[in-house]
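Here is how the chains run, residue by residue.
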Amino acid sequence: LVNPASMKQALIASARRLPGVNMFEQGHGKLDLIRAYQILNSYKPQASLSPSYIDLTECPYMWPYCSQPIYYGGMPTIVNVTILNGMGVTGRIVDKPIWQPYLPQNGDSIDVAISYSPVLWPWAGYLAVSISVAKKAASWEGIAQGHVMVTVRIVATPPRSKRVLWDQYHNLRYPPGYFPRDNLRMKNDPLDWNGDHIHTNFRDMYQHLRSMGYFVEVLGAPLTCFDASQYGTLLMVDSEEEYFPEEITKLRRDIDNGLSLIIFSDWYNTSVMRKVKFYDENTR
C-alpha cells in the first residue's frame, strides 16, 4: 500500500502545524515520522485533497488569503489544490467537481468556478478553485461556506494479462553513475542527468499502453520484492544497474511460471566508451 501518493498523504496527515507561520512557508508543518508510520500501518487506499480545506478567514496560516476580505467586482481569488490518489497511479475524475453552497451559512453569496485535471496521473492531479462574490452580496457583509465534491473513479484489480510492471530500480543516472546520454551528438552535456522513466521520456509509450487497455505500474525495488503472479509482463528498458544473483534466480523462476519479459537494451561499444572519457568538473 506504500506508493508516492499514500506516502505523501501519511506525511501530510501526521505533520504538526507550526504556530505563527503561513502555509507557503511551512507547507503542512513539521514532520512527525512516528505518526506517519502509524497512519501507514492502518492506511486504506483513498483520494484526498491538499490542502483539505480553504478558509479565507484563518490567519496567519492562510496568509495572504486571510489578509483582506473579498468583495463583489474584485478579481477572483484563486487557490490551487492538489488531488492525491492513493488508489493507483492513474485515476479519473468522473464528473466535473461541484460547488455545493451551504445555504444557511450564506454559501450562495459567493460564486465558485473550478478547473481540474480529468486524469489523475501519475498519482495526482489538481483543482484550481476560483472564488468571487455574487452580485446579490454586493452590499452584504458576512462569512459564506460550502464544499466542493469530487468523484474519482477506480476499477477492480485488472487481470494479470493486463498488468505491466516497469523496472525503475535498475535505471540509474548521473551523478550516482557515469552514464553517457543516449544521443552522443549532445557533446556539451554528455551525461544522462535525467535517466529513463515511464512517466517522462517514455510517456508516449505509457500512453500507448494505456490506450491499449494495459495498466502500468512502476517497480522501485529489487526484483525479489514483487509478486510476479500478479503481473503479465515485466519491462526492462535501458537498465544500468547490475542484477543481484537472487534477482536472477527469482526472475528465471517467475518466467517459468508465466511472466513475460521484454528487454530494451541500450548500445554498448567499448571503443566508443573509451573515447568519451572526460574530466568531471562536479566531482573533480
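As recorded in an unreviewed UniProt entry, the chain goes by the name Membrane-bound transcription factor site-1 protease, listed as coming from Goodea atripinnis.

Asker: Where do I start with the pattern of salt bridges in this structure?
Answerer: For side chains of opposite charge, pairing can occur when their charged atoms come near one another. Overall, the coordinates contain five salt bridges when judged by the stated rule. Ionic pairing is found between Glu217 and Arg163, a salt bridge with its closest N-O pair at 2.9 Å. A residue pair is termed long-range when its members are at least 10 positions apart, and Glu217 in strand 11 (residues 215–219) and Arg163 in strand 10 (residues 163–167) qualify at 54 residues. Here Asp254 makes a salt bridge to Lys250, at a shortest N to O gap of 2.7 Å. You can see Asp254 and its partner Lys250 sitting in helix 5 (residues 245–256), four residues apart, about one turn around the helix. A relative accessible area of 9% means that Asp254 is categorised as buried. Among the residues examined, Lys250 registers a relative accessible area of 10% and is labelled buried.

Asker: Just to check I follow, could you spell out the side chain of Asn22 for this structure?
Answerer: Its place among the elements puts Asn22 in the loop between helix 1 (4–14) and helix 2 (23–26). According to the relative accessible area criterion, Asn22 is buried, its value standing at 11%. Engagement of the side chain of Asn22 in a polar contact is seen with the backbone nitrogen of Phe24, the distance being 2.8 Å. Excluding its chain neighbours within four sequence positions, the residues that come into contact with Asn22 are Pro60, Tyr61 and Trp63.

Asker: Help me understand the packing of helix 1 against helix 3 (residues 33–41), please; the structure alone is not making it clear to me.
Answerer: To characterise two packed helices, one gives the angle between the axes of the helices and the distance between these axes. Interhelical geometry of helix 1 versus helix 3 gives an angle of 130° and a closest axis separation of 8 Å. Here helix 3 runs oblique to helix 1, going by the angle between their axes. In this structure, helix 1 meets helix 3 at a crossing whose hand is right-handed. The segment helix 1 lies against helix 3, with Ser6, Met7, Ala10, Leu11, Ala13 and Ser14 engaging Leu33, Arg35, Ala36, Ile39 and Leu40. Of the residues that constitute the contact of helix 1 with helix 3, the class distribution is eight nonpolar, two polar and one charged.

Asker: Is there a simple way to think about the environment of Ser117 in this case?
Answerer: Mapping Ser117 onto the fold places it in the loop between strand 5 (110–116) and strand 6 (119–120). Apart from residues lying up to four places away in sequence, Ser117 is in contact with Ile93, Gly125 and Tyr126. Only 2.9 Å separates the side chain of Ser117 from the backbone nitrogen of Tyr126, close enough to count as a polar contact.

What counts as what
- Residues numbered from 1 in each chain as written.
- Predicted model: local features only at pLDDT ≥ 70, side-chain atom pairs only at ≥ 80, totals over all residues.
- Heavy atoms only, no water.
- Salt bridge = Lys/Arg side-chain N within 4 Å of Asp/Glu carboxyl O.
- Helix = DSSP H or I, 4+ residues; strand = E, 2+ residues; numbered from the N terminus.
- Buried < 20%, exposed > 50% of the residue type's maximum accessible area, 1.4 Å probe, protein only.
- Polar contact = N/O pair within 3.5 Å; in protein donor to acceptor, adjacent residues only side chain to side chain.
- Contact = heavy atoms within 4.5 Å.
- Axes fitted to C-alpha atoms, helices over the stretch in contact; angles between N-to-C directions.
- Parallel < 35°, antiparallel > 145°, perpendicular 65-115°, else oblique.
- Left-handed = near helix turned anticlockwise from the far one by under 90°.
- Nonpolar A, V, L, I, M, F, W, Y, C, P; charged D, E, K, R; others polar.

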